[in-house]
Amino acid sequence: MKKQEMEKKLQEIMHKRNKIKYKLSKREIAELLREKGINPTSQRVEIAHFIYQKPQHISAEEVLNHLNKEYEKVSQATVYNTLRLFVEKNVVKELIFSSDRIYYDSNTTNHHHFLDLDTGKIYDIPACLIPGPELDKNELGNIEVEEINILIKGRLKTNKNNQENNEIKS
Ligand SMILES: [Zn+2]
């Protein structure tokens, strides 16, 4: 697929998603939590409301900092426990890049990621754009595959300055 087509498709999908799920009011967030079987305490609503502002990938530290700044002092344990509950109930997706790089994704649909090595920014790539690998069930033994996440690491070509810098460095 050509780059332009891909960007257009990404935009369309994001647009659709924005309308459906993001920028919900706190009352709508409370309703969403209830639907997922979670008791919507004010802290849980605050945390979900923050994560659900837009499609994003944020760390537990970012959630904690936001709450402490904008809302009230919350313990680290509360934030971690809430995020764990959200992952369990599919309110957010957990993205584990390494033991010290764990993110919480407000996009709970099946999708892949592109990590921009220049900025550290993570972009969503809809699953339909990258067909998953054909897995040989016999070779996998007793593993039951739930989902496949592909992480593409690279640099945005439009970022010309960075490219030049990298060329100088190498
Ligand atoms: Zn994502």
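Residues numbered from 1 in each chain as written. Predicted model: local features only at pLDDT ≥ 70, side-chain atom pairs only at ≥ 80, totals over all residues.

Draft legend 1. Seen up close, the sheet that holds strand β1 (residues 57-58). Across the sheet, which stays open at both edges, the 3 strands sit in the order β1-β3-β2 with antiparallel pairing between neighbours. Edge positions in the sheet fall to β1 and β2 (93-98), since each has one partner strand and no second. By the bridge criterion, 2 bridges tie β1 to strand β3 (residues 101-105) in an arrangement that is antiparallel. Within β3, the position partnered with Ile-58 by the bridge is Tyr-104. (Pairing = 2+ DSSP bridges. Helix = DSSP H or I, 4+ residues; strand = E, 2+ residues; numbered from the N terminus.)

Draft legend 2. Representation of the confidence of the model for the protein within the structure. Overall, the predicted model of the protein reaches an average pLDDT of 83, with 82% of residues at or above 70. Note on residues 163-170: pLDDT is under 50 here. Beyond four places in sequence and across chains, it has 1 contact. (pLDDT = per-residue confidence, 0-100. Contact = placed C-beta atoms within 7 Å.)

Draft legend 3. Looking closely at the nonpolar core. Core analysis: the largest hydrophobic core is formed by 14 residues, its most contacted members being Ala-48, Ile-51 and Val-63. Dropping the residues within four chain positions of it, Val-63 is found in contact with Ile-47, Phe-50, Ile-51, Ile-58, Val-79 and Leu-83. (Core = buried A, V, L, I, M, F, W, Y, C linked by C-beta atoms within 7 Å. Buried ≥ 20, exposed ≤ 12 C-beta atoms within 10 Å, placed from the backbone.)

Draft legend 4. Examining the sheet that holds strand β4 (residues 111-116) more closely. With respect to topology, 3 strands assemble into an open sheet ordered β5-β4-β6, the strand pairing being mixed. In this open sheet, the two edge strands, each paired with only one partner strand, are β5 (122-126) and β6 (151-154). Strand-to-strand twist across the sheet, computed as the mean angle between neighbouring axes with direction ignored, equals 25°. Note: β4 against β6, 4 bridges, orientation parallel. Bridge pairing in β6 places Phe-114 opposite Ile-152. (Axes fitted to C-alpha atoms, helices over the stretch in contact; angles between N-to-C directions.)

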